[in-house]
Amino acid sequence: MKTRSSDVQGANRGKRKAPEGEENGRGKKRSVKIDEQKKNSPQIDGEKRRLAPKRTILRGIHGCVSPRCSASTHRSSFSWFEQDVWTHISRFLDGKSLVMLGATSKWFNKIVMEDAVWRFACLRDLNVPKSYSVSSSWIKIYASAFDGSHSYLFHQQEKHIDWMRIGAFTLDSRVSLLAERLSSPLKVPREGTIERMLETSGACIVKDIKTGIWIADLQLVRCPVCDLSTCDGTMQTLDARHIELFLNEGYKNGTWEYNLIASHKLQKDADAACGAIFDLKHLKASSSSGILNLKSWTGAADDSQPKAVIAPHAVAVHTRLQENEGIVVKYHTMKAGNDGDIVSIRISQQLL
């Protein structure tokens with residue numbers, strides 16, 4: 001329905017338009033009245049606020065903002081290249097595994113080549129409780145001890161038949177007792193020549209021994225007296241050496257030689273061929289004296305296989321013999337040069 005302008009004008013007739021100032025004055029009066037009412041009735045307003053129902057604000061679903069687990073998070077909490085960690089892990093590896101680990105990278109090679117790593121591996125695999133001062137690196141010492149080398153591999157290869165690694169022991173003092181009789185109590189000679197000591201007690205004292213770790217092998221060699229190919233004679237040898245012997249140039253080039261210090265014949269039927277090396281300082285220790293208990297390690301009475309036993313400060317061998325006419329026992333020592341310490345000892349037994 002259309003309205004005419006004349007109708008609008010007629011409807012507005014009779015209505016007086018209020019001035020702008022008057023409208024503003026009325027609005028101010030109303031706001032003043034409301035403010036006065038609020039001031040006059042604060043308790044009523046507080047009552048209304050307490051009685052008014054609380055509105056619950058519902059929030060929408062949002063994404064999780066917790067820290068994400070990622071590969072970078074794991075790398076930041078643990079480093080695969082912690083030197084202390086791998087140094088500890090290397091203690092559980094044998095020599096071959098250590099070499100393989102060192103070949104993987106330059107970083108691992110640096111860890112593996114630490115002298116402390118090979119010192120620990122050497123003492124652990126030799127079952128030696130404590131370390132001694134050495135002049136060579138421990139990796140070279142480990143290699144010479146576990147690469148299958150023995151004294152006859154360097155010299156007199158044509159005489160060698162077979163060998164057996166006995167183990168490692170330590171000599172704390174510079175005086176050792178060499179014995180060919182393992183009967184209890186063990187007699188310790190104090191005076192006389194080595195030959196005289198052997199005649200009276202079956203043992204002798206040897207001084208100027210190089211202290212440290214020693215390795216003992218049991219060697220079986222051909223008859224050293226003749227070179228006949230038809231000779232069936234054999235000789236059993238307790239071969240003990242200082243752990244650094246094979247690393248010395250004087251030994252490798254043959255400058256250092258074995259010297260015969262005594263020879264003793266037993267011209268009657270011998271039940272067994274025995275030989276032992278004791279550190280005189282620890283002779284009364286239970287581990288050393290336990291070697292004299294032959295029943296604990298020599299086997300049955302009909303067992304003719306060579307037997308050996310190792311103690312922290314002693315080593316011994318024992319082989320039962322068939323009926324014979326006697327044996328000859330020889331004692332050899334090797335010095336590190338003319339005036340050096342003794343670095344190797346051999347006790348050999350051969351049937352007459």
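Rules used in this analysis
- Residues numbered from 1 in each chain as written.
- Predicted model: local features only at pLDDT ≥ 70, side-chain atom pairs only at ≥ 80, totals over all residues.
- Heavy atoms only, no water.
- Pairing = 2+ DSSP bridges.
- Helix = DSSP H or I, 4+ residues; strand = E, 2+ residues; numbered from the N terminus.
- Axes fitted to C-alpha atoms, helices over the stretch in contact; angles between N-to-C directions.
- Contact = heavy atoms within 4.5 Å.
- pLDDT = per-residue confidence, 0-100.
- Core = buried A, V, L, I, M, F, W, Y, C linked by side-chain atoms within 4.5 Å.
- Buried < 20%, exposed > 50% of the residue type's maximum accessible area, 1.4 Å probe, protein only.

### Concerning the sheet that holds strand β11 (residues 342-351)
Then, number 1: Within the open sheet, the six strands sit side by side as β1-β4-β5-β11-β10-β6. Their pairing is antiparallel. In this open sheet, the two strands that pair with only one neighbour each are β1 (160-171) and β6 (258-266). Along the sheet, successive strands turn relative to each other by an average axial angle of 15°, direction set aside.
Then, number 2: Bridge count for β1 against strand β4 (residues 212-222) is ten bridges, and the pairing is antiparallel. By the bridge assignment, histidine 160 is partnered in β4 with valine 221.
Then, number 3: Across the sheet, helix α11 (residues 194-201) is in contact with β6 and β10 (327-335); its angle to β6 comes to roughly 30°.

### Considerations on the confidence of the model for the chain
Then, number 1: Here the chain averages 81 in pLDDT, while 74% of its residues score no lower than 70.
Then, number 2: Scored below 50 in pLDDT, residues 1-21 shows one contact in the model against residues more than four places distant or in partner chains.

### Description of the nonpolar core
Generally speaking, nonpolar side chains in soluble globular proteins are found buried as a group.
Then, number 1: Grouped together as the largest cluster of nonpolar side chains are 43 residues, with contacts concentrated most on Leu178, Ile277, Phe278, Ile291, Ile345 and Ile347.
Then, number 2: Among the elements that make up this core, the one with the highest residue count is strand β7 (residues 272-279) (five residues).
Then, number 3: Leucine 178 has contacts with Gly202, Ala203, Cys204, Val206, Ala276, Ile277, Tyr331, Ile345 and Ile347, leaving out every residue within four places of it along the chain.
Then, number 4: One finds Trp86, Val112, Trp118 and Ala121 within the second-largest nonpolar core, a separate group that totals 22 residues.

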